[in-house]
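# A closer look at the structure
Here's the letter readout for the chains.
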Amino acid sequence: MTMRRWSFPTAILFGEGAAREVGREAKARGLAKVLVVTDGGVRKAGLVDPITAALDEAGVGHAVFDGVAGNPVEAQVDAGHAAYRDAAADGLVALGGGSAMDVAKVVALRVNHDRPLADYDDAKGGDALVTGPVPPILAIPTTAGTGSEVGRSGVVTLASTGRKTVIFSPKLLPALAILDPVVTRGLPAFITAATGYDALTHALEAYVAKGDHPMADGIALEAIRLVHGALRRAVSHPDDLGARGDMLKAAMMGAVAFQKGLGACHSLAHPLSSVSGLHHGLANALCLPEVVRFNGQDPATAGRYAEAAKCLGAPASLEGCIEALVTLRADIGLPAGLAAAGVSESDQERLADEAFLDACHQLNPRPCTRGDLAALYRASW
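These figures come from a predicted structure and were not determined experimentally.

## Re the overall build of the protein chain
A tally of helices and strands in the protein chain yields 14 helices and nine strands. Scaling as 2.2 N^0.38, a compact globule of 381 residues should have a C-alpha radius of gyration of about 21 Å, and the protein chain matches this with 19 Å. A burial count over the protein chain gives 57% of its 381 residues as buried. Contacts in the protein chain between residues at least 24 apart in sequence constitute 75% of all its contacts with a sequence separation of at least 6. Roughly 14000 Å² of accessible area belongs to the protein chain as shown, and the carbon and sulfur atoms make up 53% of that amount. Where the 34 positive side-chain charges of the protein chain centre and where its 41 negative ones centre are 3 Å apart.

Okay, here's the thing in structure tokens:
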């Protein structure tokens, strides 16, 4: 596989073995010591040692913080910030899925910004408060889903509200994304499936989101096409580095596309993680078909879904798109609804309240009331 460099706008290093370049890339950016932010599962899988070895080889000092777990919470950011300070680090390497990258970004923010994290909430215009320098982040995804390696935000559940909160600033954009299919080869089938469906959701929601962004639209459609061609293979043949590489591309492209915006599916999914403990990608997979059906009542949006259906190998229609989404979900082994995923019916009212407070649905192509979001949960049960 040929190694290539892209910039859109993040600098991207892609190819088999690309992760071995992390030390040279850190040194080239003038970093003397980095904090590697990861989770215990990534460390147990043996993915941290090659990174620290590459840093050693380049003469870059390092410390490791592996306190990321599940959906990130504020306490993990606090612990990561303490580790960064204790290590006297001057940069970060985020190694893991979206959670590790979210924590790394908010730790980076914390280095020179000491207001309560709630003040930086993107829904309240908190990005205007990100005025100081932010140390550079090198991001190495071990999953192909969130695309956080090319994103400008970190998502964390705040202690003061109990809600998933988006903290956004262009200063949080990683200095380099390193996409290495080898790093994702050992990913379990469920995580491959759930994160891959997350990438698909990003692309599809971005494509139909409000606004005019032709570059994002084109990238979104190509990301959908890549998911269609690669996700089933990545789940069923985990050593297929071609499929793994295509999924890394799709995840990265989905995140580039959603600078245009997301939609109601993400507003539904965020509380399913913070309230019900679902994996974010699974939460999206359980809600997306019904969100498409809801949005498709608008003829212009239905036409967009018809275009997306062609990228999914389905007939060019709204129903073709919905059927393709349902079929893909089943083919990669994900459950068919919230009940099958173990979500308690007693959570429905709280979920609807939290979903309505989530900002993502503000760019949904069809306006959503709290009642609409409650109905979408029920339809997804």
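## Structural notes on the packing of aromatic side chains
Applying the stated criterion across every chain, the model contains zero aromatic pairs. Across from the ring centre of F294, 4.0 Å away, lies the NZ or CZ of R366, which sits over that ring.

## What to know about the pattern of salt bridges
For the structure on display, the rule yields 15 salt bridges. Each of D217, K260 and R304 takes part in a single network of salt bridges with overlapping partners.

## Brief notes about the nonpolar core
One finds Y197, L204, I224, L272, V292 and L325 to be the most contacted residues of the largest nonpolar core, which totals 77 residues. The element that contributes the greatest number of residues to this core is helix α7 (residues 214–236), accounting for twelve residues. If sequence neighbours within four positions are ignored, L325 has contacts with Y197, L200, L204, L288, P289, V292 and L312. L35, A94, V103 and I137 belong to the second largest nonpolar core, which has 27 residues in total.

## Describing helix α10 (residues 280–295)
Here α10 spans 21 Å end to end across 16 residues, near enough to the 22 Å set by a 1.5 Å rise per residue. Of all the bends in α10, the greatest, near 40°, is centred on C287, and the proline P289 appears no more than four residues after it. Burial runs high along α10: 14 of the 16 residues are buried.

## Some details on helix α13 (residues 348–357)
What α13 keeps buried is the set Q348, L351, A352, E354 and A355. Buried positions in α13, seen along its axis, are confined to an arc of 165° and lie on one side of it. As for α13, its buried residues are in contact with α9 (264–274) and α14 (370–379).

## Looking at the environment of M3
Positionally, M3 belongs in the segment before β1 (4–7). What makes M3 partly exposed here is its relative accessible area of 38%. Expressed as a C-alpha distance, the spacing of M3 and S267, which sit 264 residues apart in the sequence, is 37 Å. Excluding anything up to four places from it in sequence, M3 contacts L13, F14, E16, G17 and A18.

## Things to note about the pairing of strand β6 (residues 137–141)
The side chains of a regular strand alternate between both faces of the sheet. Counting buried positions along β6 yields five of five residues, so the element is predominantly enclosed. Neither face of β6 is exposed, since I137, A139 and P141 on one face and L138 and I140 on the opposite face are all buried. Both strand β5 (residues 91–96) and β6 contribute to a ladder of five bridges, which runs parallel. Bridged to G96 within β6 is P141. Of the crossover connections in this fold, the one passing from β5 over helix α5 (residues 98–112) to the parallel β6 is right-handed.

## A word on the side chain of D198
Counting through the fold element by element, D198 comes out in helix α6 (residues 189–208). Here H280 takes part through its side chain, which lies 3.4 Å from a polar atom of the side chain of D198. Not counting residues up to four positions away in its chain, the partners in contact with D198 are G145, T146, H266, H280, G281 and N284.

## A few points about the packing of α7 against helix α8 (residues 241–257)
One way to put it is that α7 packs onto α8 with a least axis distance of 8 Å and a crossing angle of 150°. As far as their axial angle goes, α8 and α7 are roughly antiparallel. Crossing angle aside, the handedness with which α7 passes α8 is left-handed. Seen from α7, the contacting residues are A216, I219, A220, E222, A223, L226, V227, A230, L231, R233 and A234; seen from α8, they are A243, R244, D246, M247, K249, A250, M253, G254, V256 and A257.

## Describing the environment of C368
Positionally, C368 belongs in the loop between α13 and α14. Taking the C-alpha atoms as reference points, C368 and L13, 355 residues apart in sequence, are found 39 Å from one another. When residues no more than four places from it in sequence are discounted, the contact partners of C368 are A264, F294, F356, H361 and L373.

Thresholds applied
- Residues numbered from 1 in each chain as written.
- Predicted model: local features only at pLDDT ≥ 70, side-chain atom pairs only at ≥ 80, totals over all residues.
- Heavy atoms only, no water.
- Helix = DSSP H or I, 4+ residues; strand = E, 2+ residues; numbered from the N terminus.
- Rg over C-alpha atoms; globule rule 2.2 N^0.38 Å.
- Buried < 20%, exposed > 50% of the residue type's maximum accessible area, 1.4 Å probe, protein only.
- Contact = heavy atoms within 4.5 Å.
- Areas by Shrake-Rupley, 256 points an atom, 1.4 Å probe, with all protein chains shown as cover.
- Lys, Arg positive; Asp, Glu negative; His and termini not counted.
- Charge placed at Lys NZ, Arg CZ, Asp CG, Glu CD.
- Phe/Tyr/Trp six-rings, centres within 6.5 Å; stacked < 30°, edge-to-face > 60°.
- Lys NZ or Arg CZ within 6 Å of the ring centre and 35° of its normal.
- Salt bridge = Lys/Arg side-chain N within 4 Å of Asp/Glu carboxyl O.
- Core = buried A, V, L, I, M, F, W, Y, C linked by side-chain atoms within 4.5 Å.
- Expected span 1.5 Å × (residues − 1).
- Bend = angle between axes of the 7 residues up to and from the residue.
- Arc of directions from axis to C-beta.
- Pairing = 2+ DSSP bridges.
- Right-handed = clockwise from strand over helix to strand, strands pointing away.
- Polar contact = N/O pair within 3.5 Å; in protein donor to acceptor, adjacent residues only side chain to side chain.
- Axes fitted to C-alpha atoms, helices over the stretch in contact; angles between N-to-C directions.
- Parallel < 35°, antiparallel > 145°, perpendicular 65-115°, else oblique.
- Left-handed = near helix turned anticlockwise from the far one by under 90°.

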